[in-house]
Amino acid sequence: MIPHSLLFDSENTKHTAKLLKEINYTFERVVQFEEIAKALEDGKFHFLIFHVADVTNDEEQKKLTELTKHFPQTLILVITDKTKWDTTASLLKQHMVYDFIQTPIEINQLQFTLDRSLQYLLTKLKSQFINEAENHLYRRMVEIFDWKKSLSHKENENIASDIIHQMNINLFQGSGIGTLMSVVSILISKGKLDDEGKHYSIPKAIMDLLVENYDAAKSMFDSMSISQSVIDDETIIESKESPQKLLSIINGEMEILNEALTIKSQKFNLSQIPTSVVGKKIRFDESKLSYVIREILLNAIKYSRDKDIIYVIFFHKENFLELKVINPAYQNDDGSSGVPEKYETFVFEPFFRISSVVDDSYAKFEQFRFGLGLPLVKKILDQHQSNVQIYNIENNFRNENSKDVCLTIRFPLFDKEK
């Protein structure tokens, strides 16, 4: 994962911005200290980076403590020099900042510090998640083993059915292998042997169902083959093309998904690529990026509702092309909405699901399955040395208190060779 930073911009941090661009790490800038909190509310940043000389008065240092408290998912890093050791040591001691970067900054030192800090942040978030998950598991176990309650309510659920439900989510739910086995069972029981004992007659309805679910099962195995090819490929993409070719892929995938849109009468709203990236290139593998675009668009379709509009918008920020896919956030099984903050990292892990509901209506459009979609999207984008994040944002399109899910991909931009 490539860390995304918020840089408090000043004369003291110009060299840092240049180095971040050289190592293709994404960042955004603010020029006033008062803008920092708003920026952290509006976007998702792994780090806030500032120079110690730019935060000198007691009021600003007090606000750092508030930022640490209100935005625990963002680590604060300070750039310092030998003349500011007292201030730096005080900030570290009071836990206002997590780590420091000493000037003169070397590119390897900066990358090492950011990578190490990112690993700490991910481990911290993982620990919080595991603790909550274990508490949830404990409550679930109490519920399952509360036999008195079960008997008093004459419930028929048991541990086995709970386990089978989880297996169904990952492999057998809906059309495909599970239904195919059921149809074969019906076929065996309903097939009639003729008088000569040489041929079976099968009702047409059963044969049609068999063909339909054979196709669905075959699609599953095709998906496994595609997934395996992506998992095994560790090659960094070196070929580069104009961002306009990315727009062509998106248009092509949207055309393929037109039928999927009609299921819930949804629409795509696609922006144009900013003219400011004309003359630039991005790392580009057409087939792999087609997988990425299909998956993120299909995810937005599946988790949106009737007549929703899915926005696909391009931005040019610093030396990166951003692609954002935005769809309304709705309530999950646990009462949360969209992609809760505690799950933002884990949705890119294999087999992780926020919702246990599997909508079989979109099976024929899927190229990745079994909870591997977003992990493989991340794998492909890592090969393109690009960053991907998914998080909730406040909805500014409608005059109501609601949220959207925003998936953001950041492609490093390169100048065309002359």
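Within any chain, residue numbers begin from 1 and follow the written order of that chain's sequence. Per-residue local features are limited, in this predicted model, to residues with pLDDT of at least 70; the limit for side-chain atom pairs, both in listing and counting, is 80 or more; totals at the level of whole chains, interfaces and linings are taken over all residues. Side-chain metrics rest on all non-hydrogen atoms present in the structure, leaving aside hydrogens and water.

Engineer: I would appreciate a short explanation of empty space enclosed by the protein in the present structure.
Structural biologist: Here the idea is plain: a probe the size of a water molecule rolls over the atoms and shows the empty space left. We place a 1 Å grid over just the protein atoms. Points where a 1.4 Å probe fits but has no way out form a cavity, open points with protein on both sides within 12 Å along at least 5 of 7 lines form a pocket, and any residue with an atom within 4 Å of a point lines it. Grid points are joined across faces, edges and corners, and a volume is the space filled by probe spheres set on the points. For the structure on display, the rule yields one cavity of 30 Å³ or more. Roughly 200 Å³ of internal volume is contained in the largest cavity. Lining the largest cavity are 16 residues, and of these His46, Leu125, Glu344, Thr345 and Gln389 sit closest to its centre. The way it works is that DSSP assigns letters per residue, a run of H or I at least four long becomes a helix, a run of E at least two long becomes a strand, and they are numbered from the N terminus. Of all the secondary-structure elements, those providing two or more residues to the lining of the largest cavity are α5 (107–145) and β13 (387–394). Side-chain classes are defined by residue name, with Ala, Val, Leu, Ile, Met, Phe, Trp, Tyr, Cys and Pro counting as nonpolar, Asp, Glu, Lys and Arg as charged, and the others, Gly among them, as polar. Tallied by class, the residues present in the lining of the largest cavity amount to nine nonpolar, four polar and three charged. Boundaries between domains were set according to an automatic or database domain assignment. Both of domain 1 (4–123) and domain 3 (235–415) provide at least three residues apiece to the lining of the largest cavity.

Engineer: Got a minute to help me understand the nonpolar core in this structure?
Structural biologist: Burial of nonpolar side chains together is a common tendency in soluble globular proteins. Buried Ala, Val, Leu, Ile, Met, Phe, Trp, Tyr and Cys residues form a nonpolar core when they are joined through side-chain atoms within 4.5 Å. Any residue under 20% of the maximum accessible area for its type is buried, any over 50% is exposed, and the rest in between are partly exposed; the area is computed with a 1.4 Å probe on protein chains only. By size, the foremost hydrophobic cluster in this structure holds 52 residues, and its most contacted members are Leu246, Phe268, Leu323, Ile409 and Phe411. Going through the elements one at a time, α10 (244–256), α11 (258–263), α12 (286–302), β11 (309–317), β12 (320–328), α13 (373–383), β13 and β14 (403–412) are the ones with two or more residues in this core. Here this core takes nine residues from α12, the largest share from any one element. Excluding anything up to four places from it in sequence, Phe411 contacts Leu246, Ile282, Leu289, Asn319, Phe320, Leu321, Leu323, Leu381 and Ser386. Contact definition: two residues touch when any of their heavy atoms are within 4.5 Å.

Engineer: Got a minute to help me understand the confidence of the model for the chain in this structure?
Structural biologist: Segments scoring low in pLDDT should not have their predicted coordinates read at a detailed level. What pLDDT expresses is the predictor's confidence in each residue, scored from 0 to 100. Per-residue confidence for the chain averages 82 on the pLDDT scale, and 79% of its residues sit at or above 70. A low-confidence stretch, residues 144–167 stays under pLDDT 50, and its non-local contacts, those more than four residues away or across chains, total eight contacts.

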